[in-house]
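Fold and contact review
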Amino acid sequence: MSVILVTGGAGYIGSHTVIELVKAGYDAVIFDNFSNSKPAVLERINRITGKHIPFMAGDIRSREQLEAVFSTYKIDGVINFAGLKAVGESVKKPLEYYDNNVSGARTLLSVMREFKCYNFIFSSSATVYGEPDSVPLTEESPVKRANCPYGQTKVDIEYMCQELQKAVPEFSMVLLRYFNPVGAHESGLIGEDPRGIPNNLMPYLTQVAVGRLPYLNIFGNDYPTPDGTCVRDYIHVVDLAKGHVAALNHCLNKSGTFIYNLGTGVGYSVLDMVKAFSKAIGRELPYKFAPRRAGDVVQCYADPAKAQRELGWKALKTLDEMAADSYNWQKNNPNGYDD
Ligand code: NAD
Ligand code: UFG
């Protein structure tokens, strides 16, 4: 079976994807520098899969470390999750974001070309659509200049992949635009473990639920949406992980650039999320309204029809499952992987 190198495989989406890859019969090799993850996740992945998944420590900006991986294993394809992802931090540290994300992806692609490994899947984001002119977003919706360096690294890497594919047509470039990944593996053994105070809604909700934070601040309740709070397309991380397997099955060894939205197609407001979460924990989750957060788009949700049509993939898990699984992970691991 094909061997897939999962860069950033110790992270939130990467760890869930490794499990689905192994379940689907792929061999995975994890490569990570632990800049935003902990070694403890590796043993949890092994527990869930019942296998020892090979791991090599390293940074995608290091040609030598990548060459060592490609020399050790016969890699058939790469899924690149390795990237920095905090919007606010990227505004303060633009060079670090371009270096880690863009230079890292460039080095990785260059080593792939050297080793004649032509299957690449990239973790892109709905952020490439900017403030949408209309929803739902299809893959044909315009890609816009991003409003933060993080988002712009996604736009730039997508562009770099497309240009490289034209120059080296053997490449199968798959650009997966994730909407809002939430939830955790049903075992409660792995999940999202952000450093410091979470920036994103779901980890903030889970930390309020276990008492690490007192209440949720809802950023803005005067948006032009049904209840005044912003609308997003939240997708269970296990569905998202399965989307990668479907993309590999379909695109492996095909020549071209393939772009897919990975979302559910349903938009939920922040208040919908609070309601679902309160149901999952069996009590009202405390929240307060706070001013709008700079840079937030009003509503963003996918038209996921292309992925269903071409990959045979569809997100299946409900909002209640997303909330219950997120809570289950946090309840079992109140301090994340430090427990
Ligand atoms: P994460 O931070 O949990 O995982 C990223 C992993 O990459 C971490 O384990 C980190 O240690 C590793 N890493 C970072 N830079 C590296 C480098 N230079 N070399 C080696 N390893 C490195 O993040 P995640 O939520 O799992 O996101 C994975 C990818 O998906 C990211 O590229 C992110 O931008 C993208 N994405 C995430 C979301 C989201 O909301 N979580 C949405 C859209 C896109
Ligand atoms: N929100 C709150 N309170 C919080 C955190 C978030 O009200 O404490 C609100 C936000 O204002 C937004 C919604 O919850 O309306 C979702 O916010 P997230 O930060 O969870 O997600 P975003 O849609 O803002 O960001 C996500 C990814 C980014 C990516 C962006 C665009 O986290 O990496 O989508 O694709 F850039």
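Everything numeric here is computed off the predicted structure, so don't read it as measured data. (Residues numbered from 1 in each chain as written. Chains lettered and ligands numbered in written order. Predicted model: local features only at pLDDT ≥ 70, side-chain atom pairs only at ≥ 80, totals over all residues. Heavy atoms only, no water.)

**Regarding the side chain of Ser123**
Mapped onto the secondary structure, Ser123 falls in strand 5 (residues 119–125). Owing to a relative accessible area of 6%, Ser123 belongs among the buried residues under this scheme. The contact partners of Ser123, leaving out residues within four places of it in the chain, are Asn80, Phe81, Lys154, Leu176 and Tyr178. (Helix = DSSP H or I, 4+ residues; strand = E, 2+ residues; numbered from the N terminus. Buried < 20%, exposed > 50% of the residue type's maximum accessible area, 1.4 Å probe, protein only. Contact = heavy atoms within 4.5 Å.)

**Details of the packing of helix 9 (residues 270–281) against helix 11 (residues 319–332)**
The contact between helix 9 and helix 11 brings their axes to 9 Å, and the two run at 60 degrees. Judged by the angle between their axes, helix 9 and helix 11 are oblique. The interaxial crossing formed by helix 9 with helix 11 has right-handed handedness. Seen from helix 9, the contacting residues are Asp272, Met273, Ala276, Phe277, Lys279, Ala280 and Ile281; seen from helix 11, they are Leu319, Asp320, Ala323, Ala324, Ser326 and Tyr327. In the contact of helix 9 with helix 11, the residues fall into nine nonpolar, one polar and three charged. (Axes fitted to C-alpha atoms, helices over the stretch in contact; angles between N-to-C directions. Parallel < 35°, antiparallel > 145°, perpendicular 65-115°, else oblique. Left-handed = near helix turned anticlockwise from the far one by under 90°. Nonpolar A, V, L, I, M, F, W, Y, C, P; charged D, E, K, R; others polar.)

**Brief notes about the packing of aromatic side chains**
Under the defined criterion, the tally for this structure stands at seven aromatic pairs. A centroid spacing of 5.4 Å and a plane angle of 35 degrees characterise the contact between Phe70 and Phe115, whose relative ring orientation is tilted. Of the two residues, Phe70 sits in helix 3 (residues 63–72) while Phe115 sits in the loop between helix 5 (94–114) and strand 5, which places them 45 residues apart along the sequence. If you follow Arg292 out to its NZ or CZ, it ends over the ring of Tyr223, 4.0 Å from the centre. Here the basic side chain of Lys306 rests over the ring of Tyr260, its NZ or CZ set 4.9 Å away from the ring centre. (Phe/Tyr/Trp six-rings, centres within 6.5 Å; stacked < 30°, edge-to-face > 60°. Lys NZ or Arg CZ within 6 Å of the ring centre and 35° of its normal.)

**Thoughts on the sheet that holds strand 14 (residues 299–300)**
Spatial ordering of the open sheet is given by 12-9-14, a layout of three strands whose pairing is mixed. The sheet terminates laterally at strand 12 (268–269) and strand 14, the two strands that pair on one side only. Two elements, strand 9 (residues 231–232) and strand 14, share two bridges in a ladder whose sense is parallel. Across the sheet, the residue bridging to Val231 is Gln299, located in strand 14. (Pairing = 2+ DSSP bridges.)

**Here we look at the side chain of Ser110**
As for its placement among the helices and strands, Ser110 is situated in helix 5. The exposure class assigned to Ser110 is buried, which follows from its relative accessible area of 14%. At 2.7 Å, the side chain of Ser110 and the side chain of Arg63 are in polar contact. (Polar contact = N/O pair within 3.5 Å; in protein donor to acceptor, adjacent residues only side chain to side chain.)

**Description of the pairing of strand 2 (residues 27–32)**
Counting buried positions over the six residues of strand 2 gives five, a clear majority of the element. For strand 1 (residues 3–7) and strand 2, the ladder comprises five bridges, and the chain directions are parallel. The partner of Val3 across the bridge, within strand 2, is Asp27. Each parallel crossover has a hand, and for strand 1 linked through helix 1 (residues 12–23) to strand 2 it is right-handed. Relative to strand 3 (residues 55–57), strand 2 runs parallel, the two sharing three bridges. Looking across to strand 3, one finds that Asp32 is bridged to Ala57. Each parallel crossover has a hand, and for strand 2 linked through helix 2 (residues 40–49) to strand 3 it is right-handed. (Right-handed = clockwise from strand over helix to strand, strands pointing away.)

**Quick look at the pattern of salt bridges**
Close approach of charged atoms allows side chains with opposite charge to pair. What the rule picks out here adds up to 18 salt bridges. The partner of Glu158 in a salt bridge is Arg177, with the nearest N and O atoms 2.7 Å apart. Placement of Glu158 in helix 6 (residues 149–167) and of Arg177 in strand 6 (residues 172–178) is noted, with a sequence separation of 19 residues between them. We classify Arg177 as buried; its relative accessible area is 2%. (Salt bridge = Lys/Arg side-chain N within 4 Å of Asp/Glu carboxyl O.)

**Examining the packing of helix 7 (residues 201–209) against helix 11**
When two helices pack together, their arrangement is given by the angle between the helix axes and by the axis-to-axis distance. Running from amino to carboxyl end, helix 7 crosses helix 11 at an angle of 55 degrees, the nearest separation of the two axes being 9 Å. Classified by the angle their axes make, helix 7 and helix 11 are oblique. The handedness of the crossing between helix 7 and helix 11 comes out as right-handed. Counting all contacts with helix 7, which are made through Met202, Pro203, Thr206, Gln207 and Ala209, the residues of helix 11 involved are Met322, Ala323, Ser326, Tyr327 and Gln330. Looking at the contact of helix 7 with helix 11 residue by residue, the classes come out as six nonpolar, four polar and no charged.

**Structural notes on helix 9**
Along its 12 residues, helix 9 runs 17 Å from first to last C-alpha, staying within 8% of the 16 Å computed at 1.5 Å per residue. Among the residues of helix 9, Val270, Leu271, Met273, Val274, Ala276, Phe277, Ser278 and Ile281 are the ones counted as buried. Lining the buried residues of helix 9 we find helix 7, strand 8 (216–219), strand 10 (234–236), strand 12, strand 13 (287–290) and helix 11. Once helix 9 finishes, Gly282 follows within two positions and takes phi at roughly 75 degrees, a positive value. (Expected span 1.5 Å × (residues − 1).)

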